[in-house]
There are 2 protein chains.
Amino acid sequence: MIKDNNNINIAIIGLGQIGSFLYNEINLRKKDIELKTGKKIKIVAISAKNKNKKRKFKIDKKIFYSNPLNIIKKKNIDIIFESIGLSDGISKKIVESSLKNKINVITPNKALIAKHGDYLSKLAEKNNVNLEFEAAVAGGIPILRTIKEGLATNKIKKVYGILNGTTNYILSEMEKSNEIFENVLKKAQKLGYAEPGNPKLDLNGFDAFAKIRILSALSFNTKISKSKCIMEGIQNIKLEDIKIASQLGFRIKLLGISEIINGQLFETVHPCLVSKKTYIGNVNGVMNAVITEGRPVGESVLQGEGAGPGPTSSSLLSDLLSILRGNIKYPFGIPSNKRKLIKPFNNNYYSNSLYIRFEVKDVQGVLSLITNRLAKYRISVKRLIQTPDKKNKKATIVIITHKTTEINVKNCLSIFKKNKNILRFPTLIRLYN
Amino acid sequence: MIKDNNNINIAIIGLGQIGSFLYNEINLRKKDIELKTGKKIKIVAISAKNKNKKRKFKIDKKIFYSNPLNIIKKKNIDIIFESIGLSDGISKKIVESSLKNKINVITPNKALIAKHGDYLSKLAEKNNVNLEFEAAVAGGIPILRTIKEGLATNKIKKVYGILNGTTNYILSEMEKSNEIFENVLKKAQKLGYAEPGNPKLDLNGFDAFAKIRILSALSFNTKISKSKCIMEGIQNIKLEDIKIASQLGFRIKLLGISEIINGQLFETVHPCLVSKKTYIGNVNGVMNAVITEGRPVGESVLQGEGAGPGPTSSSLLSDLLSILRGNIKYPFGIPSNKRKLIKPFNNNYYSNSLYIRFEVKDVQGVLSLITNRLAKYRISVKRLIQTPDKKNKKATIVIITHKTTEINVKNCLSIFKKNKNILRFPTLIRLYN
């Protein structure tokens, strides 16, 4: 809870792309915020690794602290923004000691919340302060607030979507420009859509997965799950797959999915073939989209820009207003001690139609080897497209199967590792049902 | 504000489709609501025109009042739901006297809010109670809450979308089933998507327009405008137009649009040709979608079911939770006395590309008559498709123009009223830019 005093002191820790944009935005919107909340806000302390780094927005160096922990100790702070972004280390320390010192915390740090959200929300409740993290999921889309408030009394059974703008940009751009993954990744890095140093956490699905864990906890009123899940990124998606998918009427999207199946929690992130005719198949570029299915509301869709300082600041400031207005006190919508840990769904029984691409030697018997093997595991074929490459005496065989389970397909495909006529282990992409 | 007492008394006035579903839903979700808010709620009074009407959900007749105003006088009510739906009369009386008696009000009544929202919100603020109307706009989509909270500090410059499920269903279904307007309307009425008695307020754009007025006031922090606007419904959309539009790559959608142009407020509802490739061109059936453009967030999209008791109840209950949690006190996001009335944009200068369909006699000189007339008004032609109907010695001429203003096209078209070779006044549908 915010004190009744009308003068609110704010600190911002971390002045990178997000932090410095936020610093400027808060100063720009001061009057509007006072109008909407009756509170006068003031940034009284800032901290970052490098005081003198060149920034797009000028900072007031008189309020700069080299050690952010000193801000918490020395200054009379009401609300702190943590925008460093580590899952542990100094990020965790700042949030922890802020909450313990009864300072409200706002952070876009999905790695921190996905890992320590349960502990930190308990700490916030104990100290009667807010911990807000709207910007941690889907940038400018107010999806957490929508689940906590706009759809609050719905029984949500599924939440899924495109949660990572970097990978969605890369997949869209590969299709559009007919360029291979590596080239488009470089382009994304140039445009600032992908981390120049280490884009791994975007590409391998980890970023989307952290968001899915947060979404699950909010949607189903559960503790953040720690169970092992299917998490695949887009590193192995070839331009060829995108082209074949397109011919078949599909696009490839990296989807995060969270669902209650028979009372058990199923969470996953992996690339999917989705029909071009569907809504999700038409969310392209850096856009994010989140879809919830609930009762009684039915299907709800939220779409918006998923990254970048503008959209992120929009969410950070919505958290600020929520605190200033004295809204919502439970970080995950209900008291921590009422949130349950539910049993994870057995991933082996996750079932999908599949796209399987085989690269084979163009010799007799290969096709029947494949189809016999599939038949043995009762994987039935819906479509089969064989494209010969006569010059190289090779062929590409693409099979779209009917629904089958993970465990079944794993067993079925294992044999192809060692067959001399199968040139490499088949590429498998699930279809979104 | 809600009292600190944990026992909250609720009344529901109006037990039609919405009211009776809500009645049942509140009883179903009691425990969840207590978990999320710490408040015990109880429905202590209900009222409707007919006590003994057959309803899908059983009501407790012991708490039934014939005169709803007696509930306000006699019972110790904390929150009242008004779901009768009139813009004046008993609906207004109930809301008015509830607020005066310091009872919080929740209503899905767009007609009432669009007409009396300024007065009623002032009354609510004066009496320190909430007036909530999330369900008045776009059914289950929590768009008002999103503007007031999730996007609260953004500078919104435009809000538009598909705001009426009935008309969207009719237009989609005409395209899909190749049936004329009148037949599809009957189908919509059978399915419960259109009022069986008087679907006029949906069809003529009034329903969408009331929603646009509410959205404007919230998005731009302005008073509800009373100025005369372009409001057109779908009554004159012919199957022929839908087919021609489809051949040209468009769909016809009834759009509500509100925008600040040069510091002036522009509001309108009219059918539009939208590209099939756009997002809005693919929102079909009874779905609603609202798109906001703001700074710094960029474009945000919310989509969901726009009508029906389920989605509406979802929004009504989100209002209930907001009140129980003690959230937000200004019905329009900021204090009433800070909301300004801004100057309306001159509709004459609204400018669009146009689709114009002429039905003409197939005689020499008609085409040049049309094109000369357009040229005189500097309306330049982008595409022209002439389709002869030799048997009847007629022809259809469809012209897609470059952008031109309302006043210009009005003057230009006026001549065609009296020309013997022009068989009827041309059909005009604006393109969405």
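Residues numbered from 1 in each chain as written. Chains lettered and ligands numbered in written order. Predicted model: local features only at pLDDT ≥ 70, side-chain atom pairs only at ≥ 80, totals over all residues.

## Some points on the overall build of chain A
The helix and strand inventory of chain A stands at 13 helices and 18 strands. For 433 residues, the compact-globule estimate of 2.2 N^0.38 gives 22 Å, and the C-alpha radius of gyration of chain A, at 24 Å, lies within 12% of that figure. Seen through its C-alpha atoms, chain A measures out along the principal axes to roughly 80 × 45 × 35 Å. When the 433 residues of chain A are sorted by exposure, 50% land in the buried category. In chain A, the proportion of contacts linking residues at least 24 apart, taken out of those at least 6 apart, comes to 76%. (Helix = DSSP H or I, 4+ residues; strand = E, 2+ residues; numbered from the N terminus. Rg over C-alpha atoms; globule rule 2.2 N^0.38 Å. Buried ≥ 20, exposed ≤ 12 C-beta atoms within 10 Å, placed from the backbone. Contact = placed C-beta atoms within 7 Å.)

## Comments concerning the sheet that holds strand β6 (residues 131–132) of chain B
Residues and elements named next belong to chain B. The 6 strands are arranged β3-β2-β1-β4-β5-β6 in an open sheet whose pairing can be described as parallel. Since the sheet does not close on itself, it has two edges, and those belong to β3 (64–65) and β6, each with one partner. In this structure, strand β4 (residues 79–82) lies alongside strand β5 (residues 104–106), joined through 3 bridges in parallel fashion. Paired with Ile-79 across the two strands is Asn-104, which belongs to β5. Against the sheet, helix α1 (residues 17–37) makes contact with β1 (7–13), β2 (40–47) and β4, and its axis sits at roughly 165° relative to β2, the strand it touches most. (Pairing = 2+ DSSP bridges. Axes fitted to C-alpha atoms, helices over the stretch in contact; angles between N-to-C directions.)

## Considerations on the packing of helix α4 (residues 110–126) of chain A against helix α9 (residues 206–220) of chain A
Helices that pack against each other are described as a pair by the angle of their axes relative to one another and the distance between those axes. Residue and element names in this part refer to chain A. Contact geometry for α4 and α9: axes closest at 9 Å, N-to-C directions at 50°. As far as their axial angle goes, α9 and α4 are oblique. Of the two possible hands of crossing, α4 and α9 adopt the one that is left-handed. Listed contacts from α9 to Lys-110, Ala-111, Ile-113, Ala-114 and Gly-117 of α4 are Asp-207, Ala-210, Lys-211, Arg-213, Ile-214 and Ala-217. Each residue belonging to the contact of α4 with α9 can be placed in one class, and the counts come to 6 nonpolar, 1 polar and 4 charged. (Parallel < 35°, antiparallel > 145°, perpendicular 65-115°, else oblique. Left-handed = near helix turned anticlockwise from the far one by under 90°. Nonpolar A, V, L, I, M, F, W, Y, C, P; charged D, E, K, R; others polar.)

## Observations regarding the domain arrangement of chain A
Residues and elements named next belong to chain A. Segmentation of chain A into domains returns domain 1 (7–136), domain 2 (143–307) and domain 3 (351–431). With centres defined by C-alpha atoms, the gap from domain 1 to domain 2 works out at 28 Å. Split into classes, the residues belonging to the side of domain 1 that touches domain 2 amount to 4 nonpolar, 1 polar and 3 charged. (Domains from an automatic or database assignment.)

## Side note on helix α10 (residues 239–247) of chain B
All names here are of chain B. Listed as buried for α10 are Asp-241, Ile-242, Ile-244 and Ala-245. Buried residues in α10, looked at end-on, bunch into an arc of 170°, giving them a common side. In the segment just after α10, Gly-249 is the residue with positive phi, at about 90°. (Arc of directions from axis to C-beta.)

## Here we look at the pairing of strand β4 (residues 79–82) of chain A
On a regular strand, each side chain points to the face opposite its neighbour's, so the side chains alternate between the two faces of the sheet. Residue and element names in this part refer to chain A. Side chains of β4 alternate between two faces, with Ile-79 and Phe-81 and Ile-80 and Glu-82 buried alike. One ladder, built from 4 bridges, connects strand β1 (residues 7–13) with β4; its direction is parallel. Paired with Ala-11 across the strands is Ile-80, a residue of β4. A crossover links β4 with its parallel partner strand β5 (residues 104–106), the connecting element being helix α3 (residues 89–100), and its sense is right-handed. (Right-handed = clockwise from strand over helix to strand, strands pointing away.)

## With respect to the relation of the copies chain B and chain A
For the pair chain B and chain A, the relating rotation is 180°, the translation along its axis is 0.0 Å, and the fit reaches an RMSD of 0.0 Å. Expressed as a symmetry operation, the mapping of one chain copy onto the other fits a two-fold axis. Of all interface residues in chain B, 100% are interface residues in chain A too; the two copies therefore contact each other through one and the same surface. (Least-squares fit on C-alpha atoms with pLDDT ≥ 70 in both.)

## Examining the interface of chain B and chain A
Between chain B and chain A, the contact holds 44 residues from the first and 44 residues from the second. Residue classes in the side of chain B that touches chain A are distributed as 16 nonpolar, 18 polar and 10 charged. In this sheet, strand β12 (residues 298–305) of chain B lies alongside strand β12 (residues 298–305) of chain A in antiparallel orientation, the contact comprising 5 bridges. By the bridge assignment for β12 of chain B, Gln-303 of chain A is matched with Val-301 of chain B.

## As for the sheet that holds β5 of chain A
Residues and elements named next belong to chain A. Across the sheet, 6 strands lie side by side as β3-β2-β1-β4-β5-β6; this open sheet has parallel pairing. Looking along the sheet, the strands with just one partner apiece sit at the ends: β3 (64–65) and β6 (131–132). Here strand β2 (residues 40–47) pairs with β3 via 2 bridges, running parallel. Note that in β3 the partner of Ile-46 across the bridge is Phe-64.

## Here we look at unusual backbone geometry
The bulk of non-glycine residues show a negative phi, and the bulk of peptide bonds are trans. Along the chain, Arg-295 of chain A connects to Pro-296 of chain A via a cis peptide bond; the corresponding omega equals 5°. Counting through the fold element by element, Pro-296 of chain A comes out in the loop between β11 (287–295) and β12. Although it is not a glycine, Asn-262 of chain A sits at a positive phi angle of roughly 50°. The topology assignment puts Asn-262 of chain A in the loop between β9 (250–261) and β10 (264–275). A positive phi angle is found at Asn-178 of chain B, which is not glycine, with a value near 60°. Along the chain, the position of Asn-178 of chain B falls in the loop between α6 (165–177) and α7 (181–190).

## Brief notes about helix α9 (residues 206–220) of chain B
Residue and element names in this part refer to chain B. Along its 15 residues, α9 runs 21 Å from first to last C-alpha, staying within 8% of the 21 Å computed at 1.5 Å per residue. Across the 15 residues that make up α9, a large majority, 14, are buried. The first or second residue beyond α9 is Asn-221, which carries a positive phi of 55°. (Expected span 1.5 Å × (residues − 1).)

## So, the environment of Gln-364 of chain A
All names here are of chain A. Within the secondary structure layout, Gln-364 lies in the loop between β14 (354–361) and α12 (366–376). Among the residues examined, Gln-364 registers 8 C-beta atoms within 10 Å and is labelled exposed. Residues Gln-364 and Ile-212, 152 residues apart in the sequence, show an inter-C-alpha distance of 46 Å.

## Quick look at the pairing of β12 of chain A
Residue and element names in this part refer to chain A. Buried residues dominate β12, accounting for 6 of its 8 residues. Here β11 runs beside β12; their pairing, made up of 8 bridges, is antiparallel. By the bridge assignment, Ala-289 is partnered in β12 with Gln-303. Counting the residues in the hairpin turn of β11 and β12 gives 2 residues.

## Focus on the environment of Val-44 of chain A
Mapped onto the elements of the fold, Val-44 of chain A is located in strand β2. When the C-alpha positions of Val-44 of chain A and Lys-391 of chain A are compared, they lie 71 Å apart, and in sequence the two are 347 residues distant.

## Side note on the environment of Ser-225 of chain B
All names here are of chain B. With respect to the helices and strands, Ser-225 occurs in the loop between α9 and β8 (230–231). Judged by local crowding, Ser-225 falls into the buried class, with 21 C-beta atoms found within 10 Å. Residues Ser-225 and Asn-408 lie 183 residues apart in sequence; the distance between their C-alpha atoms is 25 Å. Other than its neighbours up to four places away in sequence, Ser-225 contacts Arg-213, Ser-216, Leu-265, Glu-267 and Pro-344.

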